[in-house]
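# Close look at the chain arrangement
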Amino acid sequence: MTDTIDLLQIKIEKAKRELPLETVNAINAVDWKSTILGLRASKGYTFEQLSDLELETELLLCGLARAEDYPKELEKRMGISRAAANELVNEMNNLVFRKIREELIKNTERKKIYEKNEQKNTSD
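About the criteria used
- Residues numbered from 1 in each chain as written.
- Predicted model: local features only at pLDDT ≥ 70, side-chain atom pairs only at ≥ 80, totals over all residues.
- Heavy atoms only, no water.
- Core = buried A, V, L, I, M, F, W, Y, C linked by side-chain atoms within 4.5 Å.
- Buried < 20%, exposed > 50% of the residue type's maximum accessible area, 1.4 Å probe, protein only.
- Helix = DSSP H or I, 4+ residues; strand = E, 2+ residues; numbered from the N terminus.
- Phe/Tyr/Trp six-rings, centres within 6.5 Å; stacked < 30°, edge-to-face > 60°.
- Lys NZ or Arg CZ within 6 Å of the ring centre and 35° of its normal.

### Details of the nonpolar core
Counting 22 residues, the largest nonpolar core has Leu53, Tyr70, Leu88 and Met92 as the members making the most contacts within it. Among the secondary structure elements, those contributing two or more residues to this core are α2 (21-29), α3 (32-43), α4 (47-61), α5 (70-78) and α6 (82-123). Among the elements that line this core, the one with the most residues is α6, at 7 residues. If you look at the next biggest cluster of nonpolar residues, it comprises 5 residues, including Ile12, Ala15, Leu55 and Cys62.

Here is the structure:
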């Protein structure tokens, strides 16, 4: 089992290296792993369930899993009902994915402003 996790972790790290820098920075700016741990207190998930949630979320964030499959994978791996999985996905959208998306938009806007200023400075 450890070998499988190690190989998967290697795949995840490789996929992260291939992501655009703005995306990596946006993901790193949101403390999504702590958010997941916080679900233990609010939802009563076991550490094993939270570990599965973290893995599935990381696979999604680095592009190794499809968003359409996320609820079904959570349901299967965490051993929760479809309704609980859908509720969890909505919570993850609010607590994690929306924040990452907002951070990505901010980073992209900052980059555009920086590039515009650079072009202006070089043409002066």
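### Looking at the packing of aromatic side chains
Summed over all chains, the structure comprises 1 aromatic pair. Aromatic side chains Tyr70 and Phe97 sit 5.6 Å apart centroid to centroid with 80° between the ring planes, which places their arrangement in the edge-to-face category. Of the two residues, Tyr70 sits in helix α5 while Phe97 sits in helix α6, which places them 27 residues apart along the sequence. For the pair formed by Tyr70 and Phe97, the shared burial category is buried. Over the ring of Phe47 we find Arg40, and its NZ or CZ is 4.1 Å from the ring centre.

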